[in-house]
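Observations on the three-dimensional arrangement
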Amino acid sequence: MHQVMLVDDYEIFRKQLKRHEYWQNQSKFVLVSEADNGLDALTALRKKAVDILVTDIKMPKLNGLELLERVRDEGLCKCVILLSEYADFEYARKGIVLGAFDYIVKPVKDDSFFDVLNRAADYITKSSKAEDETFYERTAVVNCILNGSDNFEKAIASLSQKCDDSVHHDFIKYGVLLAESERKIYEAVSAKMEWLPLLISSIDHICNKIIQSDNMFTISAIFEEFLREMYASVKTYYPPKMSALSVKVVDYVLEHPFEKLTLTATAENCFVSKAYLSHSFKLDMGKSFVEYVSCLKMQIIKKLLLETDMSMAEIAEKLNYEDSKYMGRLFKNIFGMTPTDYKKCRTPAVHKKPY
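All figures in this text were calculated on a predicted structure; none of them were measured in a lab.

Looking now at the overall build of the protein. The number of helices and strands found in the protein is 17 helices and 5 strands. The C-alpha atoms of the protein give a radius of gyration of 27 Å, which is well past the 20 Å a tight globule of 355 residues would have. Based on the C-alpha atoms only, the size of the protein along its principal axes is roughly 85 × 40 × 35 Å. Here the contacts in the protein between residues at least 6 apart in sequence split such that 68% fall between residues at least 24 apart. Entry remark: accessible area of the protein is about 18,500 Å², with carbon and sulfur atoms responsible for 51%.

Moving on, we come to the sheet that holds strand β3 (residues 50-56). Read across the open sheet, the 5 strands follow the order β2-β1-β3-β4-β5; overall the sheet is parallel. Two strands lie at the open edges of the sheet, namely β2 (29-35) and β5 (102-105), each paired on one side alone. Neighbouring strand axes in the sheet, compared pairwise and without regard to direction, differ in orientation by 25 degrees on average. The pairing of β3 with strand β4 (residues 77-84) spans 6 bridges and is parallel. Bridged to V54 within β4 is I81.

We now examine the confidence of the model for the protein. For the protein, the average pLDDT comes to 86, and 94% of its residues sit at 70 or higher. The low-confidence segment residues 348-355 (pLDDT under 50) makes 22 contacts with residues lying over four places distant or belonging to another chain.

Packing of helix α7 (residues 152-166) against helix α8 (residues 171-192) leaves a shortest axis separation of 9 Å and a crossing angle of 140 degrees. By the angle between their axes, α7 is oblique relative to α8. Judged by the sense of rotation from one axis to the other, the crossing of α7 with α8 is right-handed. Together, L159, S160, C163, D164 and S166 of α7 and Y174, L177, L178, S181 and I185 of α8 make up the contact between the two elements. When the residues that make up the contact of α7 with α8 are grouped by side-chain class, the tally is 6 nonpolar, 3 polar and 1 charged.

Take the environment of L98 next. You can see L98 is positioned in helix α4 (residues 89-98). For the pair L98 and S213, spaced 115 residues apart in sequence, the C-alpha to C-alpha distance is 17 Å. Sequence-distant contacts of L98, that is, excluding residues within four places in its chain, are made with L65, L68, E69 and R72.

Residues spaced three or four apart along an α-helix point in a common direction, a consequence of the helix completing one turn every 3.6 residues. When the terminal C-alpha atoms of helix α10 (residues 216-237) are compared, their 32 Å separation across 22 residues agrees well with the 32 Å that a helix rising 1.5 Å per residue should span. For α10, the full list of buried residues reads I219, S220, I222, F223, E224, F226, L227, M230, Y231, S233, V234 and Y237. Here α10 starts with a cap whose side-chain oxygen sits 3.1 Å from the backbone nitrogen of F217, and that cap is N215.

So, about helix α2 (residues 38-47). Within the span of α2, buried status applies to G38, A41, L42 and L45. Down the axis of α2, the buried set is contained in an arc of 100 degrees. They therefore lie on one face. By the N-cap criterion, in which a side-chain oxygen at the helix start approaches the backbone nitrogen of a residue two or three places on, α2 is capped by N37, the distance to L39 being 3.0 Å.

In this structure, V141, I145, I185, W195, M230 and I301 are the most contacted members of the largest nonpolar core, which totals 70 residues. Among the elements that make up this core, the one with the highest residue count is helix α14 (residues 289-307) (10 residues). Among all residues touching I145, those that are not within four sequence positions of it are F152, I185, V189, L227, M230, Y231 and V234. Core analysis: the next-biggest nonpolar cluster, separate from the first, contains 26 residues, L68, A92, I96 and A100 among them.

Here the focus is the pairing of β2. The side chains of a regular strand alternate between both faces of the sheet. By the bridge criterion, 6 bridges tie strand β1 (residues 2-7) to β2 in an arrangement that is parallel. Opposite M5, over in β2, you have S33 as the bridge partner. Following the backbone out of β1, through helix α1 (residues 11-18) and into the adjacent parallel β2, one traces a crossover that is right-handed.

Time to look at the state of the cysteines. In this structure the tally under the stated criterion is 0 disulfides. Here C163 stays free of any disulfide, with the sulfur of C207 as its closest cysteine sulfur at 12 Å. Classification of C207 as buried rests on a relative accessible area of 4%.

This structure, assessed with the given rule, holds 18 salt bridges. The residue D73 makes a salt bridge to R72 at a minimum N-O spacing of 3.1 Å. With a relative accessible area of 40%, R72 lands in the partly exposed category. Linking R119 and D115 is a salt bridge whose minimum nitrogen-to-oxygen distance equals 3.6 Å. One end of the pair is R119 and the other is D115, both in helix α5 (residues 110-127) and 4 residues apart, which spans about a single turn. A relative accessible area of 23% means that R119 is categorised as partly exposed.

Okay, the packing of aromatic side chains next. Aromatic rings in a pair are described by how distant their centres are and how their planes are angled relative to each other. If you walk through the whole model with that rule in mind, you get 13 aromatic pairs. Where W195 meets Y237, the ring centres are 5.7 Å apart and the plane angle is 70 degrees; that geometry is what we call edge-to-face. Taken together, the residues W195 in the loop between α8 and α9 (203-212) and Y237 in helix α10 connect sequence positions 42 residues apart. Each member of the pair, W195 as well as Y237, carries the same accessibility label: buried. The structure contains a cluster of three or more aromatic residues connected by ring pairs, namely W195, Y237, Y238, F281, F289 and Y292. Cation over ring: K106 sits above F13, and NZ or CZ is 5.2 Å from the ring centre. The ring of F258 carries the charged tip of K318 above its face, separated from the ring centre by 4.6 Å.

Rules used in this analysis
Residues numbered from 1 in each chain as written. Predicted model: local features only at pLDDT ≥ 70, side-chain atom pairs only at ≥ 80, totals over all residues. Heavy atoms only, no water. Helix = DSSP H or I, 4+ residues; strand = E, 2+ residues; numbered from the N terminus. Rg over C-alpha atoms; globule rule 2.2 N^0.38 Å. Contact = heavy atoms within 4.5 Å. Areas by Shrake-Rupley, 256 points an atom, 1.4 Å probe, with all protein chains shown as cover. Pairing = 2+ DSSP bridges. Axes fitted to C-alpha atoms, helices over the stretch in contact; angles between N-to-C directions. pLDDT = per-residue confidence, 0-100. Parallel < 35°, antiparallel > 145°, perpendicular 65-115°, else oblique. Left-handed = near helix turned anticlockwise from the far one by under 90°. Nonpolar A, V, L, I, M, F, W, Y, C, P; charged D, E, K, R; others polar. Expected span 1.5 Å × (residues − 1). Buried < 20%, exposed > 50% of the residue type's maximum accessible area, 1.4 Å probe, protein only. Polar contact = N/O pair within 3.5 Å; in protein donor to acceptor, adjacent residues only side chain to side chain. Arc of directions from axis to C-beta. Core = buried A, V, L, I, M, F, W, Y, C linked by side-chain atoms within 4.5 Å. Right-handed = clockwise from strand over helix to strand, strands pointing away. Disulfide = S-S within 2.5 Å. Salt bridge = Lys/Arg side-chain N within 4 Å of Asp/Glu carboxyl O. Phe/Tyr/Trp six-rings, centres within 6.5 Å; stacked < 30°, edge-to-face > 60°. Lys NZ or Arg CZ within 6 Å of the ring centre and 35° of its normal.

Okay, here's the thing in structure tokens:
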């Protein structure tokens, strides 16, 4: 039998819910305690934990979200359900991000309340042994990115659909689940390709955009766009058909992006002549070694421009360019605009000091 605690500052609501015949007509739940504010609830939970906590969001002394955080951090309850008013959707969204199982909109309908309660019980029963519902779909996306597979679009569609189904088409929980999936995919790919974070958007910025979006279409679009950015980046720097020498060259270049990468030093590292490396690399990659290195460094410059407050002189020094003006001309030749114009026309993700 699952023990339930009810926390709400409206006594009438608590009395109505306690008197409901549901509690007498079943053997799955028992309402063991109640409180009219978050602080008293926390004190009671520290003395005796429960299985399911049902709490209002707006309460005196300690609100529902603060209570949720304390309960989560101290392991005082297996499952937290939030009670939210129509105007509290942003709070409900934050609650799901913080780990709430679900939220119920007030005024509470009996059927909805006990439906969520039953789903919470199933979750508790299965959670100790259940595998991540989206594990296989997420792994498929990771493999497609790493291998440049043509099944990539199908894989992300499958993952998006599985996430939607698993949260019963609730756009708030859908956004949170997609953000979690996005981060796990990013971490899995970056673990094998440590250079990737240098060339793509900030994962924190992307996850925040997903969570804060207010409709399914926008959530899906942001989620899929970032996955395509990862996929395209890997495919750009590791085309499917590459010789062993070109793979070694690319590995070396991507492991030393802030060094002065020359054909001579790279050829020496790969134990081949400059002429042989130059010919073989261009045959595989469709561009010269110098062009490849320039494109890589320019992509890093784009990210530094948007996500740090570094000056052009500082960026040039970091990337081992002797002249920031020369670096700026290269940037304009590749992207069709100066670094300054590029920064002005893009919305920065964050402003922070460089890596």
